[in-house]
Amino acid sequence: MACLHLGDVAPDFAADTSEGPISFLEWKKGAWTVFFSHPGDFTPVCTTELGRVAQLADEWAKRDTKVIALSVDPVAEHHRWIPDVEEVSNTSVGYPIIADPDKKVAELYDMIHPGEGDASSVRSVFIIGPDDRIKLILIYPKSTGRNFDEILRALDALQLAETGPYATPVDWRPGERVIISTDVPTDQARERFADLDVVKPYLRTATPKT
Ligand code: BEZ
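Here is a short report on the structure shown in this document. (Residues numbered from 1 in each chain as written. Predicted model: local features only at pLDDT ≥ 70, side-chain atom pairs only at ≥ 80, totals over all residues. Heavy atoms only, no water.)

Observations concerning the overall build of the protein chain
Here is step 1: Within the protein chain one finds seven helices and 11 strands.
Here is step 2: Expressed along its principal axes, the backbone C-alpha trace of the protein chain runs to roughly 60 × 35 × 35 Å.
Here is step 3: Relative to its 210 residues, the protein chain shows a buried fraction of 48%.
Here is step 4: Across the protein chain, every contact between residues at least 6 apart in sequence was considered, and the portion connecting residues at least 24 apart equals 64%.
Here is step 5: One finds the centroid of the 22 positive side-chain charges in the protein chain at a distance of 6 Å from the centroid of its 34 negative side-chain charges. (Helix = DSSP H or I, 4+ residues; strand = E, 2+ residues; numbered from the N terminus. Buried < 20%, exposed > 50% of the residue type's maximum accessible area, 1.4 Å probe, protein only. Contact = heavy atoms within 4.5 Å. Lys, Arg positive; Asp, Glu negative; His and termini not counted. Charge placed at Lys NZ, Arg CZ, Asp CG, Glu CD.)

A word on the packing of aromatic side chains
Here is step 1: Going through the model one piece at a time under the given rule, you end up with 11 aromatic pairs.
Here is step 2: Centre to centre, the rings of phenylalanine 24 and phenylalanine 35 are 5.3 Å apart; their planes meet at 45°, and the pair counts as tilted. One end of the pair, phenylalanine 24, is in helix α1 (residues 24-28); the other, phenylalanine 35, is in strand β3 (residues 32-37), with 11 residues separating them in the sequence.
Here is step 3: Centre to centre, the rings of phenylalanine 35 and tyrosine 109 are 5.0 Å apart; their planes meet at 85°, and the pair counts as edge-to-face. Of the two residues, phenylalanine 35 is situated in strand β3 and tyrosine 109 in the loop between α5 (104-108) and β6 (123-128); the sequence distance between them amounts to 74 residues. The pair phenylalanine 35 / tyrosine 109 is uniform in exposure class, with both members buried.
Here is step 4: One aromatic cluster is present, built from ring pairs that chain together Phe13, Phe24, Trp27, Phe35, Tyr109 and Phe126.
Here is step 5: The ring of tryptophan 27 carries lysine 66 above its face, with NZ or CZ at 4.4 Å from the centroid. (Phe/Tyr/Trp six-rings, centres within 6.5 Å; stacked < 30°, edge-to-face > 60°. Lys NZ or Arg CZ within 6 Å of the ring centre and 35° of its normal.)

As structure tokens, this is what we get:
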């Protein structure tokens, strides 16, 4: 098992999925990608989570982002479970679910945590950039369903940070002011951002240029 860090290239793998076999980096093809694991098919929290991710299809598309799930169940179980997910959340699952019964991918991404009950995967989230590098890692216990609005918000912040010298403050939402990186001296920041607010010499906010 590799210990994965932000900035690492996402490890590649081949796997079967509910939409057929894939080679991961070839499948993501340089797109932003949200790769998330869940403990198992036919479990209640997972059923709600996978339904929510399906309902958010337009939001992922707006952000040119692909989504892909994983559990250690075989592909036949995914196919039996997907209708339940679709029925419960009144949606259509339009993304692949990786089948990882031999746990090869789960181990590669350190998704199995011995302190979390059986040897199924915990609720990991990896946001991977177009450069195939890991931009964000979140790990939730099996008992706690994730908030995919937060994952969208973080994705927005990551995508914004690629467009200029920006960081995002606590609880930032798209459309709000951002922090101008300390790499930009204040005199240059004033020239670039007409509404620059110097709260502290190290905390300058402005409206980002789109
Ligand atoms: C669930 O998805 O509900 C779940 C799965 C494994 C352990 C706990 C909860």
